Amino acid sequence: MRKTKDPLKEKKELALKVIELLKEEYPSSDCTLTYDRDQAWKLLVSVRLAAQCTDARVNVVVEDLYKEFPDVEALANAEVSEIERLVRPCGLGNSKARDISACMKMLRDQYHGKVPDTMEELLKLPGVGRKSANLVLGDVYGKPAIVTDTHCIRLSNRIGLVDDVKEPGKVEKELWKIIPPKEGNALCHRLVDHGRAVCSARTKPACEKCCLKEICKKRI
Ligand code: SF4
C-alpha cells in the first residue's frame, strides 16, 4: 500500500529548501529601515511610519524628525502637532504622530527609555502590533521572529508554505510550524528582497528567472 505524504513534513522540507536557496540568492538581506541597533526606539518610530509608505521615504523623513527630537525624552515631550508636521510626508500623519508620541511617553515612563525585549511588553506599546514587535525581537534582540508583512504573506502563499492564508497572525502561526526558529527573521528579510526583485505584487512574477522556480507551487 502506498504511503500518503505528511503535508506538514512536506511543508517543512519545502521551507528548508526555500531558506537554503534564498540564502544563496540574498546573502546579506537586512531591514531596509535605517536605525542604530543601540537606539531601538528609532526602529519603533520607523516601523510605525512605514505603514502605507515606502521604507526609502521613511528613512528620509526620520532624519528631519531626529534633528528636532533626537531621543525618547525629546519625542515624548514634543507636541503631537509638531511630530505630525514632520512625519506628514509618510501619510496618515495624525494617527502616526499620536502613536509615536504615546509610545515614546510609555517608553520614558515605564521602561527608562529602553525598548522592552518580550512580545508581551512590546504589544502594550501604542501603535505596535505583532509585525513590529517581531521585527524588534528579531533584528534588535536576535530572538526568534517571523515578520508577516505583505511580501511574506504573498510569497508564502505563492510558494506553497501556507495554503490560502492571508491574515497576518494566521500566516505567522502556520510558518512557526515549519520554519526553524533561528531562521525566521532572516528568511522574512529575504522574502522582502525576493518580493521586490522577482515576485512582485504589481507585475507578473518573473518565474523564469526565479531561484525558487523548481520548488515553488506558483500559486499566482
Ligand atoms: S517561481 Fe514565480 S511565483 Fe514562485 S517565488 Fe518565484 S517568481 Fe514567485
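Here we summarise the structure given alongside this text. (Residues numbered from 1 in each chain as written. Predicted model: local features only at pLDDT ≥ 70, side-chain atom pairs only at ≥ 80, totals over all residues. Heavy atoms only, no water.)

**Some words on the site of the ligand**
Next up, step 1: The full set of residues close to the ligand is Ile159, Val198, Cys199, Pro205, Cys207, Cys210, Lys213, Cys216, Lys218 and Ile220.
Next up, step 2: According to the grid-proximity analysis, the pocket containing the ligand is the largest cavity.
Next up, step 3: In the shell around the ligand, the residues fall into eight nonpolar, no polar and two charged. (Near = heavy atom within 4 Å. 1 Å grid on protein atoms, 1.4 Å probe; cavity = no way out; pocket = protein on both sides within 12 Å on 5 of 7 lines; lining within 4 Å. Sits in = over half its atoms within 2 Å of the grid points. Nonpolar A, V, L, I, M, F, W, Y, C, P; charged D, E, K, R; others polar.)

**Section: the nonpolar core**
The tendency in soluble globular proteins is for nonpolar side chains to be buried as a group.
Next up, step 1: Counting residues in hydrophobic clusters, the biggest one holds 73 residues, and the most contacted among them are Val45 and Met104.
Next up, step 2: Not counting residues within four places of it along the chain, the set of residues in contact with Met104 comprises Trp41, Val45, Val72, Leu75 and Ala76. (Core = buried A, V, L, I, M, F, W, Y, C linked by side-chain atoms within 4.5 Å. Buried < 20%, exposed > 50% of the residue type's maximum accessible area, 1.4 Å probe, protein only. Contact = heavy atoms within 4.5 Å.)

**Comments concerning empty space enclosed by the protein**
Next up, step 1: In this structure the tally under the stated criterion is two cavities of 30 Å³ or more.
Next up, step 2: The volume enclosed by the largest cavity comes to roughly 100 Å³.
Next up, step 3: Here the residues of the lining of the largest cavity are counted per class, giving ten nonpolar, one polar and three charged.
Next up, step 4: Lining the second largest cavity are Leu44, Val45, Arg48, Asp99, Ile100, Cys103, Met104, Pro126, Gly127 and Val128.
Next up, step 5: At the level of secondary structure, the elements contributing two or more residues to the lining of the second largest cavity comprise helix H2 (40-49) and helix H6 (93-110).
Next up, step 6: The element best represented in the lining of the second largest cavity is H6, accounting for four residues.
Next up, step 7: Its residues assigned to classes, the lining of the second largest cavity comprises seven nonpolar, one polar and two charged. (Points joined across faces, edges and corners; volume = space filled by probe spheres on them. Helix = DSSP H or I, 4+ residues; strand = E, 2+ residues; numbered from the N terminus.)

**Regarding the pattern of salt bridges**
Next up, step 1: What the rule picks out here adds up to 16 salt bridges.
Next up, step 2: Between Asp30 and Arg37 there is a salt bridge, and its shortest N-O distance comes to 3.6 Å.
Next up, step 3: Relative accessible area serves as the criterion here: at 38%, Asp30 is assigned to the partly exposed category.
Next up, step 4: Across the pair Glu172 and Arg130 runs a salt bridge, and its minimum N-O distance is 2.7 Å. (Salt bridge = Lys/Arg side-chain N within 4 Å of Asp/Glu carboxyl O.)

**Focus: the layout of surface pockets**
Next up, step 1: Its boundaries defined by the atoms lining it, the largest pocket holds a volume of some 900 Å³.
Next up, step 2: Looking at the largest pocket, it is lined by 32 residues, and the ones nearest its centre are Asp55, Asp149, Thr150, His151 and Arg196.
Next up, step 3: If you tally residues by element for the lining of the largest pocket, the top one is helix H11 (residues 184-197), at five residues.
Next up, step 4: Of the residues contributing to the lining of the largest pocket, the split by class is twelve nonpolar, eleven polar and nine charged.
Next up, step 5: In terms of lining, the second largest pocket is formed by 13 residues, of which the most central are Lys5, Lys9, Glu10, Lys11 and Glu13.
Next up, step 6: Its residues placed into classes, the lining of the second largest pocket shows three nonpolar, one polar and nine charged.

**As for helix H1 (residues 7-25)**
Next up, step 1: For H1, spanning 19 residues, the distance from its first C-alpha to its last is 27 Å, which sits close to the expected 27 Å at 1.5 Å a residue.
Next up, step 2: Every buried residue belonging to H1 is among Lys11, Leu14, Ala15, Val18, Ile19 and Leu22, and all of these are buried. One side of H1 holds all its buried residues, which, seen down the axis, span an arc of 145°. Residues of H1 that are exposed and angled more than 90 degrees away from the buried face: Lys9 and Glu24.
Next up, step 3: Tucked inside the fold, the buried residues of H1 contact helix H9 (150-159), helix H10 (168-178) and H11.
Next up, step 4: With a side-chain oxygen lying 3.0 Å from the backbone nitrogen of Leu8, the N-terminal cap of H1 falls on Asp6. (Expected span 1.5 Å × (residues − 1). Arc of directions from axis to C-beta. Polar contact = N/O pair within 3.5 Å; in protein donor to acceptor, adjacent residues only side chain to side chain.)

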